[in-house]
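Residues per chain are reported as follows:
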Amino acid sequence: MYKTGTWNMDKKDRLRKVVFDLGDEWKEEAENLRERLRQEGIVCSILTDAGSAVLQKRETVVLTDSAATGKWLSQEGIVYFGCQRRERAWLDGAALVLEGFEEIDAGYLEEWMCRAQGRPAKIAGTKRLLLREIDEKDLSELVRIGKEENGLALLNEDAFTSERLRSYFMTAYRLQGYGLWSVLHGGKVIGCCGFAPYEENDNSKWGINEKEKLRGQIWTYRMCHDADTADMNGNVGETDDRILELQYMLDMAYRRQGFGTEMCRAALQYAQERLDVNEIRLRIRPDNGASQALARKLGFKKIAEN
């Protein structure tokens, strides 16, 4: 029902072509990846056959293990992924360095292509909603929604200056691969949803006064894929101790219509498929019955009352 990845949600700015420039050690893996990409509608070629790649910078990426080729691609403004099983040479300007292709698909490549091009990557889509990285054009709506009742305190004019937003893009999206994402319905921003690193004693999103008022009453939920000892993909005994916090807000005009459930489920599926994380937690005010009901619907369980 929920389709993560960008290649099947918006044909206008999609990844269309992947060009390969790899040595023999990548031969088998590269062929397997080419086959998967072709099944997803992506045109694949090798670099010597890619004469039109320079003319299609917006929709083309290159996979190479050559530092010289990477330098040339970077100078030409073409997004490329460096491929190295072990560090050999500096891959100047690579959008990302890959050690293998096992979990790589069109959606993953397009996501990082958009980031390298300075465009907000589309994260997930449902029948009604699109989750994508925040664009500066979203700021006024997000600030307005953040001022509404129960809006996140961090979404205000001070937090969303252009300078701080660019810093956020670099640290959250490019380095961590996650963050808060804009939620759109029919092209209109109606809220945001996403993840932040979980800090046990950080209740800053409630504001100073609210923090004092609710001290000792904030509820924590936890979601694991299978059991307490399993990670988000059900791998017992191979857990990462990283914990993320699910955060969201929704325009009051769009509440009680299932949008909150829809966007949170899409974000959680993205975490399950893309993020190496053991737990996802959710803090809820004790007087917010709607969010408590949503948490139960999403599969969270109350584990503590701090």
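Values in this document were obtained by computation on a predicted structure and should not be read as measured data.

1. A look at the nonpolar core
Across soluble globular proteins, you tend to see nonpolar side chains buried next to one another.
Right, so step 1: Ranked by internal contacts, the top residues of the largest apolar core, which has 44 residues, are Leu131, Trp181, Phe195, Leu246 and Met263.
Right, so step 2: Looking at this core, the element that brings in the most residues is helix α7 (residues 259-274), giving 8 residues.

2. Brief notes about the confidence of the model for the protein chain
Right, so step 1: In the predicted model, the protein chain carries a mean pLDDT of 79, and the fraction of residues at 70 or more is 74%.
Right, so step 2: The secondary structure element of the protein chain with the lowest average pLDDT is strand β1 (residues 3-4), at 42, and the one with the highest is helix α1 (residues 27-39), at 96.
Right, so step 3: Ignoring residues within four places in sequence, the model shows residues 1-9, a span with pLDDT below 50, making 35 contacts including any to other chains.
Right, so step 4: For residues 205-217, every residue scores under 50 in pLDDT, and the model assigns this stretch 19 contacts once sequence neighbours within four places are set aside.

3. Considerations on the pairing of strand β8 (residues 129-133)
Right, so step 1: Most of β8 is tucked away: 4 of the 5 residues are buried.
Right, so step 2: Judged from the 3 bridges that link them, strand β7 (residues 122-125) and β8 form a sheet pairing that is antiparallel. Each bridged residue has a counterpart across the sheet, and for Gly125 the counterpart in β8 is Leu130.
Right, so step 3: Between β7 and β8, which pair antiparallel and follow one another directly, the connecting turn spans 3 residues.
Right, so step 4: Two elements, β8 and strand β9 (residues 180-185), share 5 bridges in a ladder whose sense is antiparallel. When the sheet's bridge partners are listed, Arg132 is paired in β9 with Ser182.

4. Concerning the packing of aromatic side chains
Right, so step 1: Counted by the stated rule, this structure contains 4 aromatic pairs.
Right, so step 2: Summarising the aromatic geometry, the rings of Trp181 and Phe195 are spaced 5.8 Å apart at their centres and angled 85 degrees between planes, so their arrangement reads as edge-to-face. Of this pair, Trp181 sits in strand β9 while Phe195 sits in strand β10 (residues 188-197), placing them 14 residues apart in sequence. Summarising the burial analysis for this pair, Trp181 and Phe195 share the class buried.
Right, so step 3: Pairing Tyr254 with Phe259 gives two aromatic rings, centres 5.8 Å apart and planes at 75 degrees, and the pair type is edge-to-face.
Right, so step 4: Judged by relative accessible area, Tyr254 falls into the buried class, the value being 17%.
Right, so step 5: Among the aromatic side chains, those forming a connected cluster through ring pairs are Trp181, Phe195 and Tyr270.
Right, so step 6: Taking the ring centre of Phe20 as reference, the NZ or CZ of Arg34 above it sits at 4.8 Å.
Right, so step 7: Geometry around Trp112 places Arg115 over its ring, the cationic atom sitting 4.5 Å from the centre.

5. A few points about the environment of Ala116
Right, so step 1: By the secondary structure assignment, Ala116 is in helix α3 (residues 106-116).
Right, so step 2: For Ala116, a relative accessible area of 37% puts it in the partly exposed group.
Right, so step 3: Between the C-alpha atom of Ala116 and that of Val79, which follows or precedes it by 37 residues, the distance is 6.7 Å.
Right, so step 4: Not counting residues within four places of it along the chain, the set of residues in contact with Ala116 comprises Val79, Ala95 and Arg174.

6. Quick word on the side chain of Arg115
Right, so step 1: Here Arg115 shows up in helix α3.
Right, so step 2: Excluding its chain neighbours within four sequence positions, the residues that come into contact with Arg115 are Ala121, Ile123, Glu133, Tyr173, Arg174, Gly177 and Tyr270.

7. A word on unusual backbone geometry
With the exception of glycine, most residues fall at negative phi, and the peptide bonds are largely trans.
Right, so step 1: A positive phi angle is found at Arg256, which is not glycine, with a value near 60 degrees.
Right, so step 2: Residue position: Arg256 is located in the loop between β12 (243-250) and α7.

8. Quick look at the state of the cysteines
Right, so step 1: Tallying each qualifying case throughout the model produces 0 disulfides.
Right, so step 2: Cysteine Cys192 remains unbridged, with the sulfur of Cys193 as its closest cysteine sulfur at 7.5 Å.
Right, so step 3: By relative accessible area, Cys192 is classed as buried at 1%.
Right, so step 4: The thiol sulfur of Cys193 is not disulfide-bonded, and the nearest other cysteine sulfur, from Cys264, lies at 4.0 Å.

So, how was this worked out
Here the residue index of a chain counts from 1 through its sequence in written order. For a predicted model such as this one, the threshold for reporting local features is a pLDDT of at least 70, and the threshold for listing and counting side-chain atom pairs is 80 or more; totals across whole chains, interfaces and linings nevertheless cover every residue. Hydrogens are left out, water is left out, and the side-chain values use all remaining heavy atoms of the structure. Working definition of a nonpolar core: buried Ala, Val, Leu, Ile, Met, Phe, Trp, Tyr and Cys residues. They are joined through side-chain atoms within 4.5 Å. Each residue is assigned to one of three classes by its accessible area relative to the maximum for its type, calculated with a 1.4 Å probe on protein chains only: buried under 20%, partly exposed between the two thresholds, exposed over 50%. By definition, any uninterrupted DSSP run of H or I lasting at least four residues is a helix, any uninterrupted run of E lasting at least two residues is a strand, and each is numbered from the N terminus. The predictor's confidence in any single residue is recorded as pLDDT, a number from 0 to 100. In this description, contact between two residues means that some pair of their heavy atoms is separated by no more than 4.5 Å. Between any two strands, pairing holds if DSSP finds at least two bridges. Ring pairs are drawn from Phe, Tyr and Trp, using the six-membered ring of Trp, whenever the two centres fall within 6.5 Å, and their geometry is named by plane angle: stacked under 30 degrees, edge-to-face over 60, tilted for the rest. Note on criteria: charge over ring means Lys NZ or Arg CZ within 6 Å of the ring centre, with the direction from the centre no more than 35 degrees off the ring normal. Cysteine sulfur atoms that come within 2.5 Å of each other are treated as a disulfide pair.

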